[in-house]
Amino acid sequence: MTFASTAAQSPAQSPAVVLTIAGSEATGGAGAQADLKTFQELGVFGIANLTCIVSFDPNDNWNHRFVPMEQQVIADQLEATTAAYGAAAGAPSGGTEPGRPVLDTVKIGMMGSPATIGTVAAALAAGDFRNVVLDPVLICKGQEPGHALDTDQALKAEILPLATFVTPNHFEAESLSGLVITDVESLKAAAIRIHELSGAVVLAKGGVRLSGPDAVDVYYDGETLEVLSAPKVGEVAVSGAGCSLAAAVTAELAKGAAPLEAARTAKAFVTAGIRNRVASGAPFDALWQGGSR
Ligand code: PXL
């Protein structure tokens, strides 16, 4: 089969291309679905390569049923994507066309197993990515902390060193930094520690886990330390907030925003999405990516 390319967009119209390597969350609140909706909303061409499928179980307290993709299937998706859009793409017809968008920005979401981390780390190391945004999904809501220590350790050892931007939540920031986080000051200390460990720009999320009227995140890039703050919308975490925040950072970086600007835009995007969240029969609401329209 051949595909005509006569309708190709002119360079000026080409959107930035971004990839999320993430899990599917069947109800559409979190994971790759949240990432793709965020990408679309922020005007970039989104690609999802799936690592696993999560289906909450309504008959078991909405716990996670987790099915990993076969490693070969993950590798196949990454091969197809990087051949089509990657910086080093040897795509037979597209490699050198002027104006062709180049995939240089990737978001890493839920990996789920050490094997998947190995497959993804190999693709990242082989690729030529300008921005690697890591949402270090160590556990999801409803799972017990530490249920998958081997996965947590592999993420720290193999993916964190490749990240250029990392967005840990309260629990993940404690795990990555080894510090206890009880307030904004300790969140700052954790952000600094995680930057020292990884070299990445850090956006550490306090969310609803820190007490007080505001949802506070800490940004640190090695020079600038900034507290990003917005009034809390309720005291209950909303599904997809973490995924959408990291996806919004990813989209903004791909469009050329500076890291601090990307963080500020992402915070505003998520705040609007939480204000306009979608209720469901599940015990948690889902962020609405169209909330800032
Ligand atoms: O919110 C973290 C997360 C990320 N990715 C997938 C998930 C979840 C939480 O449910 O299912 C696939």
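Before any of the text, the structure's been laid out above.
Structural notes, computed from the coordinates. (Residues numbered from 1 in each chain as written. Predicted model: local features only at pLDDT ≥ 70, side-chain atom pairs only at ≥ 80, totals over all residues. Heavy atoms only, no water.)

Considering the side chain of S186
Here is step 1 of the chain: Its place among the elements puts S186 in helix α6 (residues 184-198).
Here is step 2 of the chain: Classification of S186 as buried rests on a relative accessible area of 14%.
Here is step 3 of the chain: At a separation of 2.6 Å, a polar atom in the side chain of S186 contacts the side chain of D183.
Here is step 4 of the chain: Contact partners of S186, with chain neighbours within four places excluded, come to V180 and I181. (Helix = DSSP H or I, 4+ residues; strand = E, 2+ residues; numbered from the N terminus. Buried < 20%, exposed > 50% of the residue type's maximum accessible area, 1.4 Å probe, protein only. Polar contact = N/O pair within 3.5 Å; in protein donor to acceptor, adjacent residues only side chain to side chain. Contact = heavy atoms within 4.5 Å.)

Digging into helix α3 (residues 114-126)
Count 3.6 residues to each turn of an α-helix, and residues three or four apart come out pointing the same way.
Here is step 1 of the chain: A rise of 1.5 Å per residue sets the reference length of α3, with its 13 residues, at 18 Å; its end C-alpha atoms lie 18 Å apart and thus fit the reference within 8%.
Here is step 2 of the chain: Here α3 has its buried residues at T116, I117, T119, V120, A121 and L124.
Here is step 3 of the chain: Buried residues belonging to α3 abut β1 (17-25), β2 (45-57), α2 (71-85), β4 (105-108), β5 (131-134) and α4 (149-159). (Expected span 1.5 Å × (residues − 1).)

Here we look at the sheet that holds β2
Here is step 1 of the chain: Spatially, 9 strands are ordered β3-β2-β1-β4-β5-β6-β7-β8-β9 in an open sheet, and the strand pairing comes out mixed. On the outer flanks of this sheet lie β3 (63-68) and β9 (225-231), each paired with one strand and no other.
Here is step 2 of the chain: The sheet strands contacting helix α1 (residues 31-41) are β1, β2 and β4, and the helix crosses β1 at an angle near 150 degrees. (Pairing = 2+ DSSP bridges. Axes fitted to C-alpha atoms, helices over the stretch in contact; angles between N-to-C directions.)

Regarding unusual backbone geometry
Negative phi is the rule for most residues except glycine; trans is the rule for most peptide bonds.
Here is step 1 of the chain: The backbone of N61 sits at a positive phi, close to 60 degrees, despite the residue not being glycine.
Here is step 2 of the chain: Relative to the assigned elements, N61 resides in the loop between β2 and β3.
Here is step 3 of the chain: Phi at W62 is positive, roughly 60 degrees, even though this residue is not glycine.
Here is step 4 of the chain: With respect to the helices, strands and loops of the structure, W62 is situated in the loop between β2 and β3.

Remarks on the pattern of salt bridges
Here is step 1 of the chain: In the structure shown here, the tally under the stated rule is 13 salt bridges.
Here is step 2 of the chain: Across the pair D35 and K107 runs a salt bridge whose closest N-O atoms are separated by 2.7 Å. With D35 in helix α1 and K107 in strand β4, this pair connects stretches of sequence that are 72 residues apart.
Here is step 3 of the chain: What makes D35 buried here is its relative accessible area of 0%.
Here is step 4 of the chain: Here D217 makes a salt bridge to K267, at a shortest N to O gap of 3.1 Å. (Salt bridge = Lys/Arg side-chain N within 4 Å of Asp/Glu carboxyl O.)

Quick word on α6
Here is step 1 of the chain: The terminal C-alpha atoms of α6, which comprises 15 residues, lie 21 Å apart, in line with the 21 Å expected from a rise of 1.5 Å per residue.
Here is step 2 of the chain: Among the residues of α6, S186, L187, A190, A191, I194, H195 and S198 are the ones counted as buried.
Here is step 3 of the chain: Those residues of α6 hidden inside the fold are in contact with β6 (165-166), α5 (170-177), β7 (201-207) and β8 (214-220).

Describing empty space enclosed by the protein
Here is step 1 of the chain: Applying the stated criterion across every chain yields a total of 1 cavity of 30 Å³ or more.
Here is step 2 of the chain: Estimates place the volume of the largest cavity at around 30 Å³.
Here is step 3 of the chain: Forming the walls of the largest cavity are L19, I21, L78, T82, A123, L124 and F129.
Here is step 4 of the chain: Secondary-structure elements contributing two or more residues to the lining of the largest cavity are β1, α2 and α3.
Here is step 5 of the chain: Tallied by class, the residues present in the lining of the largest cavity amount to 6 nonpolar, 1 polar and no charged. (1 Å grid on protein atoms, 1.4 Å probe; cavity = no way out; pocket = protein on both sides within 12 Å on 5 of 7 lines; lining within 4 Å. Points joined across faces, edges and corners; volume = space filled by probe spheres on them. Nonpolar A, V, L, I, M, F, W, Y, C, P; charged D, E, K, R; others polar.)

Looking at the pairing of β1
Here is step 1 of the chain: Across the 9 residues of β1, 9 count as buried, placing the element largely inside the fold.
Here is step 2 of the chain: Note: β1 against β2, 8 bridges, orientation parallel. Each residue of the ladder has a partner; that of E25, found in β2, is V54.
Here is step 3 of the chain: Looking at chain direction, β1 and β4 are connected through 4 bridges and run parallel.

Focus: the nonpolar core
Here is step 1 of the chain: Within the largest apolar cluster, 38 residues are counted, with the highest numbers of intra-cluster contacts made by I108, V120 and I159.
Here is step 2 of the chain: Core analysis: the next-biggest nonpolar cluster, separate from the first, contains 28 residues, F165, Y219, F269 and V270 among them. (Core = buried A, V, L, I, M, F, W, Y, C linked by side-chain atoms within 4.5 Å.)

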